[in-house]
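# Close look at the chain arrangement
Residues per chain are reported as follows:
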Amino acid sequence: MSDYKAVDYDVVIVGAGFAGLYAIHKMREQAPSIRCFEAGDGVGGVWFWNRYPGIRCDIESMQYSYSFDKDLQNEWDWSEHYAPGGEICAYLNHVADRFNLRRDITFNTRVTAAHFDGEEGLWRVTTDQGETLTTRVFIMATGSLSASQTPDIPGLDDFSGGTYHTAEWPHDGVDFSGRRVAVIGTGSSGIQCIPEIAKEAGQLTVFQRTPNFSIPAQNRSMSDEYRQDWRENYDERRRYAKEECPSAVVREFGPPSAKAVDKAARDAEYHRRWRIGGAEFMSAYRDIPTDLESNATAADFVRERIAEVVNNPETAEMLSPRDYPIGTKRICIDNFYFETYNRSNVRLVDLKKTPIKRIEASGIRTGTELHVLDDIVLATGFDALTGPLTRVDIRGRGNLSLKDKWADGPKSYLGIMVAGFPNMFTVTGPGSPSVLANVVVAIEQHIELIADLLVHKAKTNVDLIEPEPQAESDWGNEVNAVVERTLFSHSPTTWYMGANIPGKPRVILPYAGGFHNYYRICNDIVADGYRGFRFSLATEDRLQDT
Ligand code: N01
């Protein structure tokens, strides 16, 4: 180990959501001094900020929860199959208290910059509170969907009513009683909040650009028997999710092809899964994500359900996605979404037919119509995966900014490290399964891999870890190759491809080869002596820099 300057902290972690909290806990096994910075005034990350009405997880709570501590797993009682956001936030507060994590967290503080100092082999981290400190290890635990996106709609600032982004919801809530409300956007956030806002508002107008496939959650209270059954089988189910399931969620996988089954049998199976609820529907046949014809059978089934539920055939057609395969835009899981359009106080505006011209003081103007409004809800999504990283001024070796390195799309090794940015880790970063997996499983796997890498670094008495440039480039090729085996390229205008952000390169952001495959690849790399990672002394690094 080089004899270089002492640092303020062994590890600095950014973010105190699922990733940051587990990172603090895990890093304590080996790092005496840890500092975590959190922009909010509480823990929870995405669950701290996203407090819009109707927010829930779209993965069942028995699975969307930590597995690292058996007692924790057995002592927390989820109230419903799909817990409301507030309950998930309460769970994360419980975790913070139970493991005494708050003592390492500085709240209300945003990290604005992190610069690698090659001379000293450390990171210099700056916050918006004017503090600069040094650390050996820098962990970005900032989430994949934490940088909210407000579209550049002309006149948005001229609106005289209330404007609310779903991802930055006022913590005291918003009273929509009797008001004229607009929701712009029909992704997961829009689809979750629309039914709840409709119950309260005098008039709700939904401005839809692209309709989404959505499946009823069939959410219900969780019985003691169900909870107990999970607890008795947790070890095996957690193993199965990680090692055998593409989305790291326990599913019942159907036969290989939807095409090998006649329509009556296929529809019976789709109906059965529809009644179970949630994304279980998508696993009815294994080729739904990869074969256009099979995919169309599932898409047709959903369109039939929309036509069945929505009374007005014109509205039902507007709500029916026809331009992309099911599952290539994030599948939505809802609670009475389509039923909401049968309410007399709800109206749907198709922005493909009548685009927004501008927003005025009194409302939204489309074509020749002015929709007079009291409030506008922006359910317009996120600068996904890269946004939370590039919005911080991160500079690696040679003062190269991450933003510049990623100008043509993100480059990383396994989505966890970036060549030229030694000792910096990106939890569930671009190039890893992240948003295509149960992100809690993905987070635990990444934090445990980071811990392994750091233990290996300490054992081998070196200072720095970073990917070999060749390993990074090979991984980039693999990420691009696996997506070609899916139908994602038939839906190029999604946030998975960066298409929702003007000027963002159109490349697949998450690794689409399945979490189970990714997990195996990572384990093989570790077993192979951390293949593709370079471990070095800071003195060697100085030589490399000169
Ligand atoms: O964001 P989105 P989201 N004019 O990007 C529309 C996770 N999540 O916040 O599709 C008009 O999906 C845009 O239209 P289009 C989950 O992974 C999880 O809803 O681009 N419309 C789209 O309809 C999810 O996938 C949970 O044509 C505009 C919508 O806004 C991810 O977060 C809950 C527009 C944005 O949809 C993102 O979901 C909630 C414009 N200028 C979210 N700009 C869980 O349950 C954008 N839109 C865990």
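Remember, predicted model here, so these are calculated numbers, not experimental data.

What the protein contains, in helices and strands, is 15 helices and 20 strands. Computed over the C-alpha atoms, the radius of gyration of the protein is 24 Å, within 12% of the 24 Å expected from 2.2 N^0.38 for a compact globule of 546 residues. If one aligns the C-alpha atoms of the protein with their principal axes, the spans along those axes are about 75 × 55 × 45 Å. Looking at the protein as a whole, 58% of its 546 residues are labelled buried.

The next thing to look at is the pattern of salt bridges. Side chains carrying opposite charge are able to pair once their charged atoms draw close together. By the definition in use, this model includes 42 salt bridges. The shortest N-O distance in the salt bridge between Arg272 and Glu252 comes to 2.8 Å. Residue Arg272 is found in helix H7 (residues 263-276), and its partner Glu252 is found in the loop between helix H6 (224-244) and H7; the two are separated by 20 residues along the sequence. A relative accessible area of 41% means that Glu252 is categorised as partly exposed. Where Arg273 meets Glu269, a salt bridge forms, and the shortest distance between an N and an O atom there is 2.7 Å. Taken together, the residues span about one helical turn, with Arg273 and Glu269 both in helix H7 at a distance of 4 residues. Residues Arg273 and Glu269 agree in their burial class; the two are buried.

With respect to the secondary-structure elements, Arg266 resides in helix H7. Here Arg266 is buried and forms no salt bridge, its nearest opposite-charge partner Asp267 lying at an N-O distance of 4.9 Å. Engagement of the side chain of Arg266 in a polar contact is seen with the backbone oxygen of Ala258, the distance being 3.1 Å. When near neighbours in sequence (up to four residues on either side) are disregarded, Arg266 contacts Ala258, Val261, Tyr285 and Thr297.

The next thing to look at is the packing of aromatic side chains. Throughout the structure, instances matching the rule amount to 37 aromatic pairs. With a centroid separation of 6.2 Å and an interplanar angle of 40 degrees, the aromatic rings of Phe18 and Tyr91 are classed as tilted. Pair noted here: Phe18 is in helix H1 (residues 18-27) and Tyr91 is in helix H4 (residues 85-98), with a separation of 73 residues, a long-range link. Take Tyr91: its relative accessible area is 1%, and that puts it in the buried class. The residue whose ring lies beneath Arg51 is Phe48, and the NZ or CZ to ring-centre distance is 5.0 Å. The side chain of Arg237 reaches across the aromatic face of Trp230, ending 4.7 Å from its centre.

Neighbouring the ligand are 24 residues, the closest being Arg56, Ser189, Arg209, Thr210 and Lys329. In this structure, Arg56 approaches the ligand through a main-chain N or O atom, which is 2.7 Å from an oxygen atom. One of the side-chain N or O atoms of Lys329 is found 2.8 Å from an oxygen atom in the ligand. Burial of the ligand by the protein chains amounts to 88% of its free accessible area of 910 Å². Looking at the shell around the ligand element by element, the count peaks at 3 residues for helix H5 (residues 188-200).

Contact geometry for H7 and helix H8 (residues 292-309): axes closest at 11 Å, N-to-C directions at 60 degrees. Regarding the angle of H7 to H8, the classification is oblique. In this structure, H7 meets H8 at a crossing whose hand is right-handed. Across from Lys263, Arg266, Asp267, Tyr270, His271 and Trp274 in H7, the residues of H8 making contact are Ser294, Thr297, Ala298, Phe301, Val302, Glu304 and Arg305. The residue makeup of the contact of H7 with H8, split by class, is 5 nonpolar, 3 polar and 5 charged.

A few words on the sheet that holds strand E13 (residues 356-360). Taken in spatial order, the 3 strands line up as E13-E14-E15 in an open sheet, and their pairing is antiparallel. Single-partner strands in this sheet number two, and they are E13 and strand E15 (369-372). Sheet twist, expressed as the average angle between the axes of neighbouring strands with direction ignored, equals 20 degrees. Bridging between E13 and strand E14 (residues 363-366) involves 4 bridges; their strand directions are antiparallel. Bridge assignment links Ile356 to a residue of E14, and that residue is Thr366.

Enumeration over the complete set of coordinates arrives at 0 disulfides. No disulfide involves Cys193; its sulfur sits 11 Å from the nearest other cysteine sulfur, which is in Cys332. For Cys193, a relative accessible area of 0% corresponds to the buried category.

On to the nonpolar core, then. Ranked by size, the top nonpolar core spans 133 residues in total, and within it Phe18, Tyr66, Phe281, Ile326, Leu414 and Phe533 carry the most contacts. The leading source of residues in this core is helix H12 (residues 439-459), at 8 residues. Dropping the residues within four chain positions of it, Phe281 is found in contact with Ile215, Tyr270, Arg273, Trp274, Ile288, Ala298, Phe301, Val302 and Ile326.

Moving on, we come to unusual backbone geometry. With phi around 30 degrees, Ser434 is a residue other than glycine that occupies positive phi space. Secondary-structure assignment places Ser434 in the loop between strand E18 (424-426) and H12. The phi torsion at Tyr530 lies on the positive side, around 60 degrees, for a residue other than glycine. By secondary structure assignment, the location of Tyr530 is in the loop between helix H14 (515-527) and strand E20 (533-536).

Let's shift gears to the sheet that holds strand E16 (residues 375-378). Judged by pairing direction, the sheet is parallel, and its 5 strands sit side by side in the order E7-E16-E8-E9-E12 without closing on themselves. Two strands close off the open sheet at either side, each with one partner strand: strand E7 (162-165) and strand E12 (346-350). Neighbour to neighbour, the strand axes of the sheet diverge by 20 degrees on average, direction disregarded. Pairing analysis gives 5 bridges linking strand E8 (residues 180-184) to strand E9 (residues 203-208), with the strands arranged parallel. Pairing of Val181 across the sheet is with Leu204, part of E9. The strands that H5 touches are E8, E9, E12 and E16; relative to E8, the one it contacts most, it runs at about 170 degrees.

A separate point is the environment of Arg322. Residue position: Arg322 is located in the loop between helix H9 (313-318) and strand E11 (332-334). Judged by relative accessible area, Arg322 falls into the exposed class, the value being 51%. Separated by 181 residues in the primary sequence, Arg322 and Ala141 place their C-alpha atoms 37 Å from one another. Apart from the residues within four sequence positions on either side, Arg322 is in contact with Arg303 and Glu317. Here Glu317 takes part through its side chain, which lies 2.7 Å from a polar atom of the side chain of Arg322.

Criteria and thresholds
- Residues numbered from 1 in each chain as written.
- Predicted model: local features only at pLDDT ≥ 70, side-chain atom pairs only at ≥ 80, totals over all residues.
- Heavy atoms only, no water.
- Helix = DSSP H or I, 4+ residues; strand = E, 2+ residues; numbered from the N terminus.
- Rg over C-alpha atoms; globule rule 2.2 N^0.38 Å.
- Buried < 20%, exposed > 50% of the residue type's maximum accessible area, 1.4 Å probe, protein only.
- Salt bridge = Lys/Arg side-chain N within 4 Å of Asp/Glu carboxyl O.
- Lys, Arg positive; Asp, Glu negative; His and termini not counted.
- Polar contact = N/O pair within 3.5 Å; in protein donor to acceptor, adjacent residues only side chain to side chain.
- Contact = heavy atoms within 4.5 Å.
- Phe/Tyr/Trp six-rings, centres within 6.5 Å; stacked < 30°, edge-to-face > 60°.
- Lys NZ or Arg CZ within 6 Å of the ring centre and 35° of its normal.
- Near = heavy atom within 4 Å.
- Areas by Shrake-Rupley, 256 points an atom, 1.4 Å probe, with all protein chains shown as cover.
- Axes fitted to C-alpha atoms, helices over the stretch in contact; angles between N-to-C directions.
- Parallel < 35°, antiparallel > 145°, perpendicular 65-115°, else oblique.
- Left-handed = near helix turned anticlockwise from the far one by under 90°.
- Nonpolar A, V, L, I, M, F, W, Y, C, P; charged D, E, K, R; others polar.
- Pairing = 2+ DSSP bridges.
- Disulfide = S-S within 2.5 Å.
- Core = buried A, V, L, I, M, F, W, Y, C linked by side-chain atoms within 4.5 Å.

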